[in-house]
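Coordinates in review
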Amino acid sequence: MRKTELVIRDIKNLINAKGYIYALCMIMFEDFHIIPEKLHEMDYIKRLSTKEVSLLLGFVIQSEINFSTPDSPQDLIQLRQKTYDLMEELHKAFIITFIEKLHESLEEDHKKEEFRKEQKDFWGKGNLLTEPIFYSGTGVYDFQFLDFLENKYKYDKQWLLEKKMFDIEQAKNIVTQIKTVLQEKSKKVRFYGLKEKLPQVIEEMKKKNPNEDWKKYVKETLPLMELHQYVELFLENTTDDTDLNIDGIGDEGWKSFYKGLIELFVIRKSDFGDYTNIDSFLDNFSISFEENLNSQFETIGNYNLINSHPIIKLDEERYFVPIVFLLFEAVYENPFYWMWLEDKSYRDTLGEHRGRVGEEITYEFLLKVFGRERTFKSVKIQSPKTKTSTKRKKDDTDIDILCFLGSKALCVQVKSKKLTQLSRSGNDDQLQKDFKGAVQDAYEQGLISRQKILEKNVEFFDESGNTIHISEEIDDVYIMGITTENYPSLTHQVNVILEKKDDNPYPIVLTIFDLELLVHYLYDPFDFLYYIKQRTLLMDYFRANEEMAFLGYHLDQKLWKIPEMDMLMIENGYAQLIDRNYYPLKLGLEISDEGDEIKNKWKNEHFDRLCDQLKTFNQARITDIIFYLLDWSGDTRKNLVDFIIKQKQQTLIDGKFHNFSMPPDESSSPRVGVTYISLNSDNSEDLKTSLLTLCQLRKYKSKGDVWIGLGSLKNSHEIIDAVAFNDQKWEYDRELEKNAKQMLEGIGQGRKIRIGKKIGRNEKCPCGSRLKYKKCCGRKKNA
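Residues numbered from 1 in each chain as written. Predicted model: local features only at pLDDT ≥ 70, side-chain atom pairs only at ≥ 80, totals over all residues. Heavy atoms only, no water.

Bringing the overall build of the chain into the picture now. Secondary structure assignment for the chain yields 29 helices and 18 strands. When burial is assessed residue by residue, the chain has 52% of its 783 residues classed as buried. Look at the contacts in the chain between residues 6 or more apart in sequence, and 73% of them connect residues 24 or more apart. As displayed, the chain offers around 38500 Å² of accessible surface, 48% of which is attributable to carbon and sulfur atoms. (Helix = DSSP H or I, 4+ residues; strand = E, 2+ residues; numbered from the N terminus. Buried < 20%, exposed > 50% of the residue type's maximum accessible area, 1.4 Å probe, protein only. Contact = heavy atoms within 4.5 Å. Areas by Shrake-Rupley, 256 points an atom, 1.4 Å probe, with all protein chains shown as cover.)

We now examine the side chain of Gln144. One can find Gln144 in helix α7 (residues 142-152). Note on Gln144: relative accessible area 1%, which makes it buried. A polar side-chain atom of Gln144 sits 2.6 Å from a polar atom in the side chain of Glu516. (Polar contact = N/O pair within 3.5 Å; in protein donor to acceptor, adjacent residues only side chain to side chain.)

Looking now at the nonpolar core. Residues Phe257, Phe281, Leu410 and Phe528 are the most contacted members of the largest nonpolar core, which totals 181 residues. Residue contacts for Phe257: discarding those within four places in its chain leaves Met26, Leu76, Leu227, Tyr230, Leu233 and Phe234. Membership of the second largest hydrophobic core comes to 19 residues, among which are Val439, Tyr443, Leu498 and Met539. (Core = buried A, V, L, I, M, F, W, Y, C linked by side-chain atoms within 4.5 Å.)

Position of Val379 among the secondary structure elements: in strand β5 (residues 375-382). Between the alpha carbons of Val379 and Asp462 there is a distance of 4.7 Å; along the sequence they are 83 residues apart. With residues near it in sequence (within four places) discarded, Val379 still touches Thr397, Asp398, Ile399, Asp400, Leu402, Phe460, Phe461 and Ile468.

Quick look at helix α3 (residues 50-60) now. Burial within α3 is extensive, with 10 of its 11 residues counted as buried. Three or more residues of α3 are buried, namely Thr50, Glu52, Val53, Ser54, Leu55, Leu56, Leu57, Gly58, Phe59 and Val60.

Phi is positive for Met165, which is not a glycine, with a value near 50 degrees. As for its placement among the helices and strands, Met165 is situated in the loop between α8 (157-164) and α9 (168-186). Unusually for a residue other than glycine, Lys558 sits at a positive phi of about 80 degrees. Relative to the helices and strands, Lys558 resides in the loop between α22 (547-556) and β13 (568-569).

The next thing to look at is the packing of aromatic side chains. Enumeration according to the criterion identifies 42 aromatic pairs in this entry. For the ring pair Phe145 and Phe325, a centre distance of 5.6 Å and an interplane angle of 65 degrees mean the geometry is edge-to-face. Taken together, the positions of Phe145 in helix α7 and Phe325 in helix α15 (residues 324-342) put the pair 180 residues apart, joining distant regions of the chain. Considered together, Phe145 and Phe325 belong to a single accessibility category, that of buried residues. Grouping aromatic residues by their ring pairs yields a cluster made of Tyr22, Phe29, Phe191, Tyr230, Phe234, Trp254, Phe257 and Tyr258. (Phe/Tyr/Trp six-rings, centres within 6.5 Å; stacked < 30°, edge-to-face > 60°.)

In this section: the side chain of His353. The residue His353 is located in helix α16 (residues 347-370) in this model. Here His353 is in contact with Tyr155, Asp156 and Tyr346, once residues within four sequence places are set aside.

With that settled, consider the packing of helix α24 (residues 605-615) against helix α26 (residues 634-654). The contact between α24 and α26 brings their axes to 8 Å, and the two run at 75 degrees. As the angle between them shows, α24 and α26 are arranged roughly perpendicular. Counted together, His606, Phe607 and Leu610 of α24 and Arg637, Leu640, Val641 and Ile645 of α26 form the full contact between these two elements. Here the contact of α24 with α26 is composed, by residue class, of 5 nonpolar, 1 polar and 1 charged. (Axes fitted to C-alpha atoms, helices over the stretch in contact; angles between N-to-C directions. Parallel < 35°, antiparallel > 145°, perpendicular 65-115°, else oblique. Nonpolar A, V, L, I, M, F, W, Y, C, P; charged D, E, K, R; others polar.)

In a regular helix each residue adds 1.5 Å, so 13 residues correspond to 18 Å; helix α2 (residues 20-32) covers 18 Å between its end C-alpha atoms and thus fits that length. The element α2 is extensively covered by neighbouring structure, given that 12 of its 13 residues are classed as buried. (Expected span 1.5 Å × (residues − 1).)

Moving on to the sheet that holds strand β3 (residues 311-313). Read across the open sheet, the 4 strands follow the order β1-β4-β3-β2; overall the sheet is mixed. With partners counted over all chains shown, the strands left at the sheet margins are β1 (266-268) and β2 (286-287), one partner each. Where β3 meets strand β4 (residues 318-320), 2 bridges bridge the pair, whose relative direction is antiparallel. Bridging across to β4, Lys313 finds its partner in Tyr319. Relative to β1, α9 is tilted by about 125 degrees, and along the sheet it contacts β1 and β3. (Pairing = 2+ DSSP bridges.)

Together, Glu731, Asp733, Glu735 and Glu737 line one region of the surface with negative charge. For Asp733, the position within the fold is in the loop between β17 (722-726) and α28 (734-743). (Patch = residues over 30% accessible without salt bridge, like charges linked within 9 Å, V, L, I, M, F, W, Y side chains within 5 Å. Salt bridge = Lys/Arg side-chain N within 4 Å of Asp/Glu carboxyl O. Lys, Arg positive; Asp, Glu negative; His and termini not counted. Charge placed at Lys NZ, Arg CZ, Asp CG, Glu CD.)

Before going further, it helps to spend a moment on the packing of α2 against helix α12 (residues 251-263). Contact geometry of α2 with α12 gives a least axis separation of 10 Å together with a crossing angle of 55 degrees. Taken together, α2 and α12 sit at an angle that is classed as oblique. Viewed along their axes, α2 and α12 form a crossing whose handedness is left-handed. Side by side, α2 and α12 meet where Ile21, Tyr22, Cys25 and Met26 of the first sit next to Phe257, Tyr258, Leu261 and Ile262 of the second. Here the contact of α2 with α12 is composed, by residue class, of 8 nonpolar, no polar and no charged. (Left-handed = near helix turned anticlockwise from the far one by under 90°.)

Most of strand β7 (residues 408-415) sits inside the fold, with 7 of its 8 residues counted as buried. Direction of pairing for β7 relative to strand β10 (residues 476-483): parallel, over a ladder of 8 bridges. The residue bridging Val414 from the neighbouring strand is Ile482, located in β10.

Examined against the element boundaries, Glu169 turns out to sit in helix α9. A sequence separation of 23 residues divides Glu169 from Leu146, and the C-alpha atoms of the two residues are 9.4 Å apart.

With 7 of 7 residues buried, strand β15 (residues 672-678) is to be regarded as a mostly interior element. Going residue by residue along β15, you find Val672, Val674, Tyr676 and Ser678 tucked away on one face and Gly673, Thr675 and Ile677 tucked away on the opposite face as well. Here β15 runs beside strand β16 (residues 706-712); their pairing, made up of 7 bridges, is parallel. Bridge pairing in β16 places Ser678 opposite Ser712. For the segment spanning β15, helix α27 (residues 684-702) and β16, crossover handedness is right-handed. (Right-handed = clockwise from strand over helix to strand, strands pointing away.)

It is worth spelling out a nonpolar patch on the surface at this point. A cluster of nonpolar side chains, namely Met1, Ile95 and Ile99, defines an oily patch on the protein surface of about 270 Å² accessible area. For Ile95, the location among the structural elements is in helix α4 (residues 73-106).

Here we take up the pattern of salt bridges. Overall, the coordinates contain 39 salt bridges when judged by the stated rule. Its salt-bridge partner being Asp476, residue Arg450 comes within 3.1 Å of it at the nearest N-O pair. Of the two residues, Arg450 sits in helix α18 (residues 428-455) while Asp476 sits in strand β10, which places them 26 residues apart along the sequence. Residue Arg450 is classed as buried on the basis of its relative accessible area, which comes to 18%.

Written as structure tokens, this is what we have:
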């Protein structure tokens, strides 16, 4: 393996090769061409990422693009393949740093209590942090940039219009029109999606050539198949749509192809008709060739002009747009830099606006989940007046958004710090500074607020100065950090860089784009907060490159520990489950539910009805009950409600009292048990007394940590009419010992059941590998 600087040198040499721009155009079209209905099937490992192609383009624009055509089709194919080979080698070059640090680490003595420090020293510096920043996913859909644009700059409209002639609504229309124009041009290509179909294609070739050297056949045939996608580009001067044969294509055909290939990425001013602002828009986001253009860009992490100016001017009418996603991103990001760099007198105002906007956007999202009565913005925490003073102390701290749900609270701090270019290049000091501003400060502020809420010795006021009454039963507070900026490798950095004490909880830190997805899928406050609980509780157990992967895994498998695993790395394929479901929805496309692994997967009408009825009880600990129920597998949930319905029906049939209890799983922590009774009368007081008594005795006999009691009246149409909850620590009690023995060993006093279900050998393994249980985690048990 060679070091990164040597690979970068070869990449620069490759880019200067004759006709390279055409090979790059083929790569950009094939790797970024999206069929929304098949987005979840894309093999991103075989494609270059937006950041990788931005790197290539950053070197391309350092000199005027050479549109000379390759000397031969074989040269074109070789340039294309050489690009993939070098970019793969560049990725592997980061392993050198990993191996060197690993050797150093193995030679050192390690203490258990220094785990987080050692993890930070190993993963949180230099190339080992630059790599995940560069190779992480985009973390955002292109349309989200436009969706948030209006809100992000709504207080800066006047400055942007006066100083840069940037009208937000017009900019959105222009960007959308550019995407539409290029999408229409893309229809000239018969896109086969060969990267995904390649294994199938090779298998078919092997069958057709069983006695021949099929590898040689594939090597010779595959380039023809790839070129055949562009057959219409060869036909500008002819209508002869015959099978493509490289040797049979004349000079005119190849000229037509190369011209058409560039044209796939070209827009013209005439494409925009009556858009009066098109000239100023192009001035703001395009570049023209000049000496030393982008010369400061030398390697990964340096400022790259193509990211802020993703349109390349070819002449007065034509403009080259290589990656449309970069344009969406630039429209969202650039206005901040204009204001910050070009008008120092506006910086304080800009900072105030950014903080205000971030808080407003976050509040509106969380308001949809928790409702107005449980969601508060700009909360002030103050120590109460003392007996000897008529003045109140100054604010202890403040919370950007505070949400409540029964016995739980969510404390949200919003930041607008960006990941700067120095950080992206692996500058450790700057990265720590950026992380502190975006994450660490929000976390530490959240810890203070959490402590104040749990101590219950301060007063809380909303943005209008009204007192917020905090429930005495709140026993946990989750900390959430939100950044309004797209922050590459955010989840990874929280894992390895965050400074925290072992006994302090983790926060969950999201971008505003992540939050939008969470709110869409987890719109019920209990589902939403349960996800937050699992993410923060299992931060050291689950790892993923982006929040979308965590969410996709949770919607498909649930964020639960797998008994045989000490840690689980969630593959990016789970993020594609969101692609399959969300992207077409936002584009207004109707697609089949077939193959949608998250849609309605965990839906159970009776279980949902049980939870909905629990939510109607005005008790804080209902949140705990629902969280414990959500910990159960789909089979356990189904069996629980099936048993409840069966017992309820049995009481109606025979007029007798029925009950069952589910003892705690010996391997679980905490040990949670459930008791259900179906009363043979409609006396609600009798129901409460019977339920409390039986739950107390069942919990004591089972030595349970937590016990949930559910009960129904004989003629009630509800699935439950009473609920009990006890999470007090088990202690020996002589009276309870006596009563439990007397009441729970007689005939007709209910029965213990196991309503969970073991994983079948041929079922999908719960670890998320997509393999059958017998071929995955079940192999250890079967061995």
